[in-house]
Amino acid sequence: SFVTLKLDEVISKWVGESEKNLTMLFEAAQRHAPAVIFVDEVDSIGKTRNNSDGQAWRENVLNHLLQLIDGVIKTERVYIIAATNRSALVDPALK
């Protein structure tokens, strides 16, 4: 299976909804494993963390994505491919 992570479908203005949407996407990929999740423009969700920018929600979403990728939340046979043309903006933990 091939799943595209579309940020406009994941990001929500409600607290915790974005993380819930990410979890649901990974659960769907897990159900259809083996699966590939493709993240285009990963720099928009995975910008380098900076506590002073007033975007705490962005850091929360990135931390949750890292948990999903690192296997803190069980995901087997799910592979992530990400693309960006602004690699300098991507958080080192995501690289």
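A. A look at unusual backbone geometry. Residue P34 is reached from A33 by a cis peptide bond, and omega for that bond is 0 degrees. Its location among the elements puts P34 in the loop between α2 (17–31) and β2 (35–40). The backbone phi angle of E41 is positive, close to 55 degrees, even though this residue is not glycine. Secondary-structure assignment places E41 in the loop between β2 and α3 (56–70).

B. Expanded view of α3. With 15 residues, α3 should cover 21 Å at 1.5 Å per step; its first-to-last C-alpha distance of 21 Å lies within 8% of that length. Buried within α3 are the following residues: R58, V61, L62, H64, L65, L66 and L68. Lining the buried residues of α3 we find α2. Directly beyond the C-terminal end of α3, a positive phi value near 90 degrees is found at G71.

C. Structural detail: α2. Between its first and last C-alpha, α2 extends 21 Å over 15 residues, near the 21 Å set by a 1.5 Å rise per residue. Among the residues of α2, S18, E19, N21, L22, T23, L25, F26 and A29 are the ones counted as buried. Along its buried surface, α2 packs onto β1 (2–5), α1 (7–10), β2, α3 and β3 (78–83).

Definitions and cut-offs
Residues numbered from 1 in each chain as written. Predicted model: local features only at pLDDT ≥ 70, side-chain atom pairs only at ≥ 80, totals over all residues. Heavy atoms only, no water. Helix = DSSP H or I, 4+ residues; strand = E, 2+ residues; numbered from the N terminus. Expected span 1.5 Å × (residues − 1). Buried < 20%, exposed > 50% of the residue type's maximum accessible area, 1.4 Å probe, protein only. Contact = heavy atoms within 4.5 Å.

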